[in-house]
Amino acid sequence: MSELQLRVISAIVLAALALLSTWAGGLVFTAVWAVLALLVLQEWMTITRAKPDFMLWGSGGMVYAVGLFFAVIALRNGMAGTEGDHLGMIAILFLFAVVWASDVFAYFVGRALGGPKLAPRISPNKTWSGFCGGLSGGMLAGTGLLAAFGYGRLFFYHAALSLVLSLASIAGDLFESAFKRRFGVKDSGRLIPGHGGFMDRLDGFIFAAILAAIIGVSVG
């Protein structure tokens with residue numbers, strides 16, 4: 001089986017798990033994301049534990065993993081209002097749509113068009129064409145999903161929000177690339193066939209989720 005096939009199958013399985021846990025909500029959602037946050041922390045600690053400044057990096061890993069957990073819990077369980085639980089589910093689905101579309105569009109547009117590199121010292125394969133494709137894909141997916149749920153009247157606000165979260169997702173991807181380059185590792189782990197570790201899969205999502213939770217709290 002090729003690496004691309006492994007990546008596609010793994011992505012489908014992980015997406016199904018994410019969507020099912022989001023639909024279930026409550027303790028199921030909390031448990032799934034607690035496990036994911038712990039796996040992210042374990043991978044971070046494994047990468048940094050042999051370094052002399054481990055205490056500093058270890059503290060950063062705690063912030064990284066705990067930030068992920070509390071961000072998704074705040075979005076899923078804390079978005080209470082007249083629509084209650086339904087609104088929290090839409091918030092997570094919106095986040096998935098933006099991050100996943102940003103990742104997919106950046107990959108395929110970058111491969112198709114190529115061109116100047118975005119950050120060659122950090123991630124040599126990323127291009128400016130992929131960057132623009134990712135932003136466009138994130139905005140289309142985010143606004144499209146919210147319109148499908150009946151929130152199309154706030155199109156420009158949702159487009160701006162999608163753009164900001166897409167930027168955060170790309171920044172998270174670059175951050176993890178710089179982190180792995182700093183410690184001389186290719187992948188954060190080997191648990192996900194074709195993808196590496198959970199940090200590799202959730203890098204952009206972590207940044208976008210934390211920013212979305214901050215925005216949600218501020219607006220709320």
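It should be noted that the structure appears before, not after, this text.
Note that this is a predicted model, so its numbers are computed, not measured.

Caption draft 1: Focus on helix H3 (residues 54–77). Between its terminal C-alpha atoms H3 stretches 34 Å, which fits the 34 Å expected from 24 residues at 1.5 Å a residue. Of the positions making up H3, those classed as buried are Gly 58, Gly 61, Tyr 64, Ala 65, Leu 68, Phe 69, Ala 71, Val 72, Ile 73, Leu 75 and Arg 76.

Caption draft 2: Expanded view of the packing of helix H4 (residues 85–113) against helix H5 (residues 128–148). Orientation of H4 relative to H5, taken along the N-to-C sense of each, is 150 degrees, at an axis distance of 6 Å. By the angle class used here, H4 and H5 are roughly antiparallel. For the element pair H4 and H5, the recorded crossing hand is right-handed. Where H4 approaches H5, its residues Ile 90, Leu 93, Phe 94, Ala 97, Val 98, Ala 101, Ser 102, Phe 105, Ala 106, Val 109, Gly 110 and Leu 113 are matched on the opposing element by Ser 129, Gly 130, Gly 133, Gly 134, Gly 137, Gly 138, Ala 141, Gly 142, Leu 145 and Leu 146.

Caption draft 3: A look at the nonpolar core. Membership of the largest hydrophobic core comes to 44 residues, with the highest contact counts inside it found for Trp 33, Val 40, Leu 68, Val 72, Leu 95, Leu 202 and Phe 205. Counting only elements with at least two residues in this core, the list comes to helix H2 (26–48), H3, H4, H5, helix H6 (155–183) and helix H7 (198–219). The element contributing the most residues to this core is H4, with 10 residues. Beyond its immediate chain neighbours, meaning those up to four positions away, Leu 95 contacts Leu 75, Leu 165, Phe 205, Ala 208, Ala 209 and Ala 212. Leu 118, Ala 119, Leu 135 and Ile 170 belong to the second-largest nonpolar core, a separate cluster that totals six residues.

Caption draft 4: Looking closely at a nonpolar patch on the surface. On the surface, Val 104, Phe 105, Tyr 107, Phe 108 and Leu 140 cluster together into a nonpolar patch covering about 500 Å² of accessible area. Looking at the nonpolar patch, the element that brings in the most residues is H4, giving four residues. The exposure class assigned to Phe 108 is exposed, which follows from its relative accessible area of 52%.

Caption draft 5: Highlighting the packing of aromatic side chains. Enumeration according to the criterion identifies 18 aromatic pairs in this entry. Ring plane angle 80 degrees and centroid distance 5.3 Å describe the contact between Trp 128 and Phe 131, whose orientation is recorded as edge-to-face. A residue pair is termed a helical-turn pair when its members lie 3 or 4 positions apart in one helix, as Trp 128 and Phe 131 do in helix H5 at three residues. Judged by relative accessible area, Phe 131 falls into the buried class, the value being 18%. A centroid spacing of 6.5 Å and a plane angle of 25 degrees characterise the contact between Phe 175 and Phe 179, whose relative ring orientation is stacked. A residue pair is termed a helical-turn pair when its members lie 3 or 4 positions apart in one helix, as Phe 175 and Phe 179 do in helix H6 at four residues. Relative accessible area serves as the criterion here: at 31%, Phe 175 is assigned to the partly exposed category.

Conventions adopted
- Residues numbered from 1 in each chain as written.
- Predicted model: local features only at pLDDT ≥ 70, side-chain atom pairs only at ≥ 80, totals over all residues.
- Heavy atoms only, no water.
- Helix = DSSP H or I, 4+ residues; strand = E, 2+ residues; numbered from the N terminus.
- Expected span 1.5 Å × (residues − 1).
- Buried < 20%, exposed > 50% of the residue type's maximum accessible area, 1.4 Å probe, protein only.
- Axes fitted to C-alpha atoms, helices over the stretch in contact; angles between N-to-C directions.
- Parallel < 35°, antiparallel > 145°, perpendicular 65-115°, else oblique.
- Left-handed = near helix turned anticlockwise from the far one by under 90°.
- Contact = heavy atoms within 4.5 Å.
- Core = buried A, V, L, I, M, F, W, Y, C linked by side-chain atoms within 4.5 Å.
- Patch = residues over 30% accessible without salt bridge, like charges linked within 9 Å, V, L, I, M, F, W, Y side chains within 5 Å.
- Areas by Shrake-Rupley, 256 points an atom, 1.4 Å probe, with all protein chains shown as cover.
- Salt bridge = Lys/Arg side-chain N within 4 Å of Asp/Glu carboxyl O.
- Phe/Tyr/Trp six-rings, centres within 6.5 Å; stacked < 30°, edge-to-face > 60°.

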